[in-house]
Amino acid sequence: MNKKGNGGVSKVLSQFAILIALIILLIFFSVTTDGFLSTTNIFNIMRQVAVNGIAAVGMTMVIVTGGIDISVGSMMGVASVCCATLMVRGMHPVLAVLLVLLLGLAIGTAHGCFVYDIGLPPMIATLATMSILRGVTYIISGGLPVYGFPEGFNVIGQGYIGPVPVPVIIMVICFVIGWFILERTSFGRYVYGVGSNREASRLSGVNVRKVIYGVYGLCGMLAAMSGVVLLSRVNSGQPKAGESYEMDIITAVVLGGVSTNGGEGRIGNVIIGLLLMGVLLNGMVMMNIPDYYQRVVKGFVLLLAISYDKLSQKRANKK
Amino acid sequence: MNKKGNGGVSKVLSQFAILIALIILLIFFSVTTDGFLSTTNIFNIMRQVAVNGIAAVGMTMVIVTGGIDISVGSMMGVASVCCATLMVRGMHPVLAVLLVLLLGLAIGTAHGCFVYDIGLPPMIATLATMSILRGVTYIISGGLPVYGFPEGFNVIGQGYIGPVPVPVIIMVICFVIGWFILERTSFGRYVYGVGSNREASRLSGVNVRKVIYGVYGLCGMLAAMSGVVLLSRVNSGQPKAGESYEMDIITAVVLGGVSTNGGEGRIGNVIIGLLLMGVLLNGMVMMNIPDYYQRVVKGFVLLLAISYDKLSQKRANKK
Amino acid sequence: MAEKLLELRHISKKFSGVTALEDVSIDIEPGEVLTLVGENGAGKSTLIKVITGAHHPTEGELWFEGKKIENNSPAKAKELGIGVIYQELNMMPTLTVAENIFYGKELKKGIMLRRKEMLEKSNEIIQELGANIDASKRVSELSIAEQQIVEIVKAVSEDIKLLIMDEPTAPLTNSEIEKMFDIVERLRKRNVAILYISHRLEEVFRISERTVVLRDGKHVITVPTRDIDRQMLIKYMVGRELGQEYPARTTEIGEVILKADHFVNEHLKDCSLELKKGEILGLAGLVGAGRTEMARAIFGADPLKSGELTLHGKKVRIKSPEDAISHGIGLITEDRKNQGLLLNQGIDYNVSYANLKSVCKFGVINKKKETQVTKKYVEAMDIKIHSMGQMAKTLSGGNQQKVVLGKWLATNSEILIFDEPTRGIDVGAKSEIYQLMRRLIEEGKSIIMISSEMPELIGMSDRILVMHDGRITGEISDSEVTQEKILEFATR
Amino acid sequence: EDASSQAKDTPKETAQGEPPAAAETPADKNDASNGEFKTEGLKIAYTCQDLTNTYFVEVSRGVQARCDELGIDVNIVDGKADVANQITAFENFISQKLDGIIISPIDETALVPSVKAAQDAGIPVISGNQLVEGSDAFITVPEYEYGFAIGEEAGKWIKEKLDGKAKVAIFDYPELESVIDRGNGIQEGILSQAPDADIVARQSANNAEKGMANMENILQANPDVEVLACVNDAGALGAYEAVMAAHKDSDRFFIGGLDATDEALNKIKEGGIYRATVDIQPFESGKLFVDTLIKVMQEGPIEETINIPMKVVNASNISDYK
Ligand SMILES: Nc1ncnc2c1ncn2[C@@H]1O[C@H](COP(=O)(O)OP(=O)(O)OP(=O)(O)O)[C@@H](O)[C@H]1O
Ligand SMILES: Nc1ncnc2c1ncn2[C@@H]1O[C@H](COP(=O)(O)OP(=O)(O)OP(=O)(O)O)[C@@H](O)[C@H]1O
Ligand SMILES: [Mg+2]
Ligand SMILES: [Mg+2]
């Protein structure tokens, strides 16, 4: 509803605003904080961003169809604890990871069913599974961390290829695949189309069910993947893993210019949104800003970044 | 977009489904659990529901305009700690409460400004203030609970009038006022109109800004009110007060049939949504279901209740 | 007789109790143009949607090229070679024109989209059809008329055997309509059958071989078009004879009550106009001439860069629709779905919406009064509804338009601006609206009427201003007006 | 006095691997209950702070285990770190007419009226971990001392291995009131042994992910940090992974946590940079809670604070743990 027509000019500006915010932050922290602008710290930030980044790819697709998936945080938890438990019980890591990805796909597909076939509001459907999945995570783990994994599993979260951390590579691969799907395949086209006008898509002969199942399935699978990376990163299956991560992920996606109304947004910009959040947190910890103030600063930066974006769009539209 | 056509028949059914779910739960718990269906326990449930209920009135209005307010939980926290601090510093409770309500109104109005004048997506704007307000709450309180209030302040949260707990009375009054505003005043009509079609409302001479400012302002004020009730109930200003309550509140509102697309939903049904959640939690604790399982059950009941609702609507439409 | 391309056998369709179609049987031959006419709510669009699989019939069968269609769906119909332009625009607003045109039938290499090729091809087709739209633009940036053209392009770019067009000309002006008829002619030569729906009866006589009339969901008659005339057709449609189409004026025109001087904004380049009391002032022009913009500027819906408005000899500043309404100005917008109606609210909510103050006391609504007011206008305009609380979106297009009119009549505005008031409305309703406009004039109100239908503009207006490219290029008085003259100014 | 000193001894001795001691106190109670007090069929409840916290998971298990032994029906309710939940729980307990309540309060003052209401309804209430004024008994880990213990351990390390000088990071968790003292204890503990230590970062972390991300960032700002003390093992373990991944582990590095979770004990056993934690025997504490409640039911309120003993676990005594 009420989509405002934004022309080409403002679209360019829109990417620009968040980028400018990012650059300002980068400059600010490099001036105020020693060691901020080192290669290791840059990779550091990217590594910290990777877990959310992987899930953000799936979330972007879901939001482009006009939906939302609140359950990704719980999905990460379930994936983390399941994968940990399977490995501790002696399953080969590769097999365990594959199984967990399948689990994510299955749960995501179930979301697709709720949203498309039953017609539930995505927010509420995934809120329900959020609660269920977190409960299941606690039940499986008994509320205690699961640990003791085979040698080498920690490569996924902690390893390096050359100077580049493995999670960063995984994230980049996910983004490239996500970009390819959204921009270069007909499935991606339908993702935008369904988000833009679902009824028109149906009437154009597009199998809307397949699109909805697809995006939620992918989102579930990517969230599971990001749970696995998280698991390997902390090397212990935490029942709390991923709790409330969904908010950060959604924030990054929306900061990246993806409209929650659906049909709009480019996945490339989501990376900028992610980095903005990552840089902010990293910089504030490096500056040793107390946690309480970090929250305040985070909120204001978020507000400023999107306000600037919107205001510059308005100005562009007036021209 | 893509609003599915629901005729008058299905609307009646829709209220019905949640009501049936509530009745089933009531019967189930009264059979399985001793003391569940006692007057004290019924008031017990209502009292437990009251805090969320008060905020739900404001949330309903916001959602009817097609918006959302994620910050209510933090608003409750800030109101709670501010009111506590003011009283501890010697301010008269009545004055402190009034000041805090004004604060809620002011912050809510700021949300209106973000959403209407700057044009931010409501979810993101209120997410930002959520973070800011929580940070401020911690800063004010130093992370410590604030306590030691004048005699009598605890009446708001703990008192009774006859057999009825005061918070229940406050909630009922809020609902009656909310109902009156939405159903009987021109402002309420505009709330529905703006949620239905913002542009058409503007072109019909509706001052859309006033409506948006109004609903967010009211929502902020009611959240502050519910923070005060929580404070008095707990008798100590908790910096964590209200954390993640927004999800329960939104769930109750949506369970009550209010569409997140805006323009639809009746406030009367929100009470049923609230009671459903309240009864479920109370019953499960009384049945001694472990917390981990409670999450799972809660998710499933939520899923079943709205699915049944949607499926029966579909059936009705097919006729 | 040639083999039938499509046959509908005993189709019925019910919506939660409401019967939209009852036992309708029609057929189409290859290369034939069949028109479908009927009043608003007769079931035309529903019939179309049954054919394309968007709705499933409650009863009945569809046969295509001698085979029964099983499990019909939009995708299936497309496969069979049925192209369709729905009454309501079905565009993906956030996608580009090219993306829309190839939506659901993308050109691919492996799994990769051939994006350049699709863009080039789109531009080619658009140019071939004589339109001037950049295929890389987002659809949300196009005007409604341009979007409609894209719809047509989208439909004909496919390899189709049957093209269904549900009121394709409603948002178009004459020149585009001509272009569209060229397209129809070309398709017919390729032996494509066309099922055509329109409320503009002259079009029916112009292009069709046979005509089907529906009334209240029932099939009335199928006749060769040359065997009937306009009067007969109307009689079949509405079940009675209509009187004088454009009622004559009975009152005098008074002095100037509204004066807009030198309006300038994004789309308007120095426009001035005067409206006299008791007058119907027509605004003519081609698509994009700026008529809607002028109306919106007067109404305060869009900001002005400069310009002055005088009401009753007094300068006023109107900054918002709210101001305009309080000064007694009303605007019936051209886009009823997006700008006029609260689709998921009841009839009563819609009718009282712009004028709640009159049924309120201290901001509290007097429900009884509201119901009375609504009833008054529902009856006055003969809006077909089941109940006051029925949601506006379940009404047929024509009845929706009447609800919007009702809303503005309820405001009792002195000056009413009608932007395409008869778009998508059947002949019966049209004549009712004309009578209504006359009645308003007789009550001393003044009207600015924007229309792309020349005959009605000429028939109703006392004076016509012609716009082109954001300027007023000419004024024609009632006595000397002709279509040619308007067109001359409109292209100047 | 007796009860408290007994309670003090019990877990400690178990920690040192002498099983009989663990059974000592309960055995006393059992005798009593066999004589005149029947525990079977009793209905009690335990409401803890947060069941997503390993410590309370263990305490709850201890409570559950002891109740199972004694045939008591126990309702364990998660406070989810929000005191309103505990107040709600009390309302429900009272309408259920339970026989006794154990509470590990999220906030002391907030629960005073609830405890009073329960007592007015004839239900005894005892406090674990933090005291609610007016409870019938109080069993606690003194938070400040708890933090001080690991701080002191870290300080000793600095004094002995790092010549009294080091850059130090502290992870606290000021979001939870009770843990604020613990964080302060850590800091004072370090400074008490190593007054020249330079505390370069104090950040909030109570879980592995947060601990890891924080440590990564701190190592960027201060690559020469060598000591970390954290309010719990979960956060410290996350930091451990970060340090290992950054290859900063050395003979000089010290990480210390609190709670003695299995995972932490394993790390200490491995002999790496995870050097110490402090054991407060959550599982045994849970049992102690139940036993104390039963004692209160029989004999009335216990005035004296019962301290849960704590013991620093490091390389020197890790072999005592299985
Ligand atoms: N989804 C729906 N639910 C309920 N009733 C419907 C629905 N769609 C159409 N109708 C009803 O079916 C009848 C036929 O509507 P339809 O849109 O086919 O009319 P039409 O002939 O196309 O009219 P118009 O000329 O105004 O476009 C109307 O009474 C309408 O109210
Ligand atoms: N949504 C839109 N976005 C951008 N430009 C638009 C939009 N709608 C219209 N325009 C442009 O505004 C100008 C004036 O359009 P306007 O709608 O006022 O013309 P009109 O004479 O009323 O024509 P119509 O017959 O389409 O109503 C045109 O150049 C048109 O292309
Ligand atoms: Mg139609
Ligand atoms: Mg126009």
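Calculation notes
- The residue numbering used here restarts from 1 in each chain and proceeds along that chain's sequence as written.
- All chains are assigned letters beginning with A, and all ligands numbers beginning with 1, in the order in which they are written.
- A pLDDT threshold of at least 70 governs which residues receive local features in this predicted model, and a stricter bar of 80 or more applies before side-chain atom pairs are shown or counted, although totals over entire chains, interfaces and linings include all residues.
- Side-chain descriptors were evaluated using all non-hydrogen atoms of the structure, hydrogens and water having been removed beforehand.
- UniProt positions are given in the numbering used here, feature names are shortened, and annotations may be inferred rather than shown by experiment.
- Definition of nearness: a residue and a molecule or strand are near each other if at least one heavy atom of the residue lies within 4 Å of the molecule or strand.
- A 3.5 Å cut-off defines polar contacts: any pair of N or O atoms within that distance qualifies, except that in protein one atom must be a possible hydrogen donor and the other a possible acceptor, and neighbouring residues in sequence count only when both atoms are side-chain atoms.
- Method for areas: the Shrake-Rupley scheme with a 1.4 Å probe, in which residue coverage is limited to the protein chains shown.
- Under the scheme applied, nonpolar residues are Ala, Val, Leu, Ile, Met, Phe, Trp, Tyr, Cys and Pro; charged residues are Asp, Glu, Lys and Arg; polar residues are all the others, including Gly.
- Each domain span listed reflects an automatic or database assignment of domains.
- The copies are overlaid by a least-squares fit using only the C-alpha atoms of residues whose pLDDT is at least 70 in both copies.
- Runs of H or I in DSSP of at least four residues are treated as helices and runs of E of at least two as strands, each being numbered from the N terminus.
- To define a nonpolar core, start from buried Ala, Val, Leu, Ile, Met, Phe, Trp, Tyr and Cys residues and group those joined through side-chain atoms within 4.5 Å.
- Three labels apply to residues, based on accessible area from a 1.4 Å probe with only protein chains included: buried if under 20% of the type maximum, exposed if over 50%, partly exposed otherwise in between.
- A pair is scored as a salt bridge if a Lys or Arg side-chain nitrogen falls within 4 Å of a carboxyl oxygen belonging to Asp or Glu.
- A 2.8 Å cut-off from the metal defines N, O and S donors, relaxed to 3.2 Å for Na, K and Ca; water is not in the atom list, so some sites may appear incomplete.
- Pairs of strands are assigned from DSSP output, requiring at least two bridges between the strands.
- Axis lines are fitted through C-alpha atoms, for helices just across the contact stretch, and the angle between N-to-C directions can take any value from 0 to 180 degrees.
- In this scheme, roughly parallel covers angles under 35 degrees and roughly antiparallel covers those over 145, while 65 to 115 is roughly perpendicular and the rest are oblique.
- Should the near helix be turned anticlockwise from the far one by less than a right angle, the crossing is termed left-handed; should it be turned clockwise, right-handed.
- By the convention used here, residues are in contact when the closest approach between their heavy atoms is within 4.5 Å.

Per an unreviewed UniProt entry, the recorded name for chain C is Sugar ABC transporter ATP-binding protein, and the organism is Diplocloster agilis.

If you check an unreviewed UniProt entry, chain A appears there as ABC transporter permease from Diplocloster agilis. For chain A, the Subcellular location (unreviewed entry) comment in UniProt is given as "Cell membrane".

(A) Representation of the site of ligand 2 within the structure. All names here are of chain C. Among the 14 residues in the neighbourhood of ligand 2, the closest are listed as G290, R291, T292, E293 and E334. Between ligand 2 and the protein, one listed contact pairs an oxygen atom with a side-chain N or O atom of E334 at 2.9 Å. When ligand 2 sits alone it has 630 Å² of accessible area, and the protein chains cover 72% of it. For the shell around ligand 2, the per-class residue count stands at 4 nonpolar, 6 polar and 4 charged. Counting only domains with at least three residues in the shell around ligand 2, you end up with domain 1 (6-238) and domain 2 (256-490).

(B) The arrangement of the relation of the copies chain A and chain B in detail. Mapping chain A onto chain B calls for a rotation angle of 180° and an axial translation of 0.1 Å; the resulting RMSD is 0.2 Å. In symmetry terms, the pair is related by a two-fold rotation axis.

(C) Looking closely at the UniProt feature "domain: ABC transporter" (unreviewed entry) in chain C. As annotated by UniProt and renumbered to match this structure, "domain: ABC transporter" (unreviewed entry) occupies residues 6-241 and 248-490 of chain C. Taken end to end, residues 248-490 of chain C comprises 35% helix and 26% strand; its first and last C-alpha atoms sit 26 Å apart.

(D) Region of interest: the site of ligand 1. Residue and element names in this part refer to chain C. Ligand 1 sits among 17 residues. The nearest are N40, G41, S45, T46 and T394. A distance of 2.5 Å separates an oxygen atom of ligand 1 from a polar atom in the side chain of T46. When ligand 1 sits alone it has 640 Å² of accessible area, and the protein chains cover 78% of it. Only α1 (44-51) and α14 (397-410) provide two or more residues apiece to the shell around ligand 1. Ranked by the residues each element gives to the shell around ligand 1, the list is headed by α1, at 3 residues.

(E) Seen up close, the UniProt feature "transmembrane region" (unreviewed entry) in chain A. Residue and element names in this part refer to chain A. Under the UniProt annotation, the feature "transmembrane region" (unreviewed entry) is placed at residues 12-33, 45-64, 95-118, 124-148, 160-182, 211-231 and 267-286. Measuring from the first to the last C-alpha atom of residues 45-64 gives 26 Å, for a span that is 100% helix and 0% strand. Measuring from the first to the last C-alpha atom of residues 211-231 gives 30 Å, for a span that is 100% helix and 0% strand.

(F) Summary view of the nonpolar core. Counting residues in hydrophobic clusters, the biggest one holds 237 residues, and the most contacted among them are A:C83, A:F153, B:C83 and D:F90. With 15 residues, the single largest contributor to this core is helix α10 (residues 208-234) of chain B. Here this core spans two domains, and each of domain 1 (6-238) and domain 2 (256-490) of chain C adds at least three residues to it. Counting 91 residues, the second largest nonpolar core, distinct from the first, contains D:V63, D:V243, D:A264 and D:M297.

(G) Quick look at the pattern of salt bridges. This structure, assessed with the given rule, holds 57 salt bridges over all chains. With its nearest N and O atoms 2.6 Å apart, the salt bridge here joins A:R233 to D:E216. One end of the pair, A:R233, is in helix α10 (residues 208-234); the other, D:E216, is in helix α8 (residues 208-221), on a second chain. Here the two residues A:R233 and D:E216 agree in accessibility, since each one is buried. Two residues, C:E61 and C:K68, come together in a salt bridge whose shortest N-O distance is 3.3 Å. Relative accessible area serves as the criterion here: at 31%, C:E61 is assigned to the partly exposed category. A residue is classified by how much of its surface remains accessible, and C:K68, at 34% relative accessible area, is partly exposed.

(H) Layout of the coordination of the magnesium ion (ligand 3). Residues and elements named next belong to chain C. Within the protein, the magnesium ion (ligand 3) binds to S45 (OG) and Q87 (OE1); these donor distances fall in the range 1.9 to 2.0 Å. Note that S45 is positioned in helix α1 and Q87 in the loop between β6 (82-85) and α3 (97-101), a separation of 42 residues in sequence. On the basis of relative accessible area, Q87 is assigned to the partly exposed category, the value being 23%.

(I) Examining the pairing of strand β5 (residues 137-140) of chain D more closely. All names here are of chain D. With burial as the criterion, each face of β5 is covered, one bearing A137 and I139 and the other bearing F138 and T140. Judged from the 3 bridges that link them, strand β4 (residues 125-128) and β5 form a sheet pairing that is parallel. In the strand pairing of β5, S127 is matched with F138. In this sheet, strand β11 (residues 305-307) lies alongside β5 in parallel orientation, the contact comprising 3 bridges. Across the sheet, the residue bridging to I139 is I306, located in β11.

(J) Seen up close, unusual backbone geometry. Of note, the phi angle at C:F362 is positive, near 50°, even though the residue is not glycine. Within the secondary structure, C:F362 is located in the loop between β19 (360-361) and β20 (364-365). The exposure class of C:F362 is exposed, given its relative accessible area of 83%. Positive phi values are uncommon outside glycine, yet D:K97 reaches one of about 55°. Position of D:K97 relative to the elements: it lies in the loop between α4 (83-96) and β3 (100-103). Using a relative accessible area of 68% as the deciding quantity, one classes D:K97 as exposed.

(K) Highlighting the packing of helix α11 (residues 245-255) of chain B against helix α12 (residues 267-286) of chain B. Residue and element names in this part refer to chain B. Between α11 and α12, the shortest axis-to-axis distance is 7 Å and the interhelical angle comes to 125°. As summarised for this structure, α11 and α12 are arranged oblique, according to the angle between their axes. Crossing geometry of α11 relative to α12 is assigned as right-handed. Contacts between α11 and α12 involve D248, T251, A252, V253 and L255 from the first element and V270, G273, L274, L276 and M277 from the second. For the contact of α11 with α12, a count of residues per class yields 7 nonpolar, 2 polar and 1 charged.

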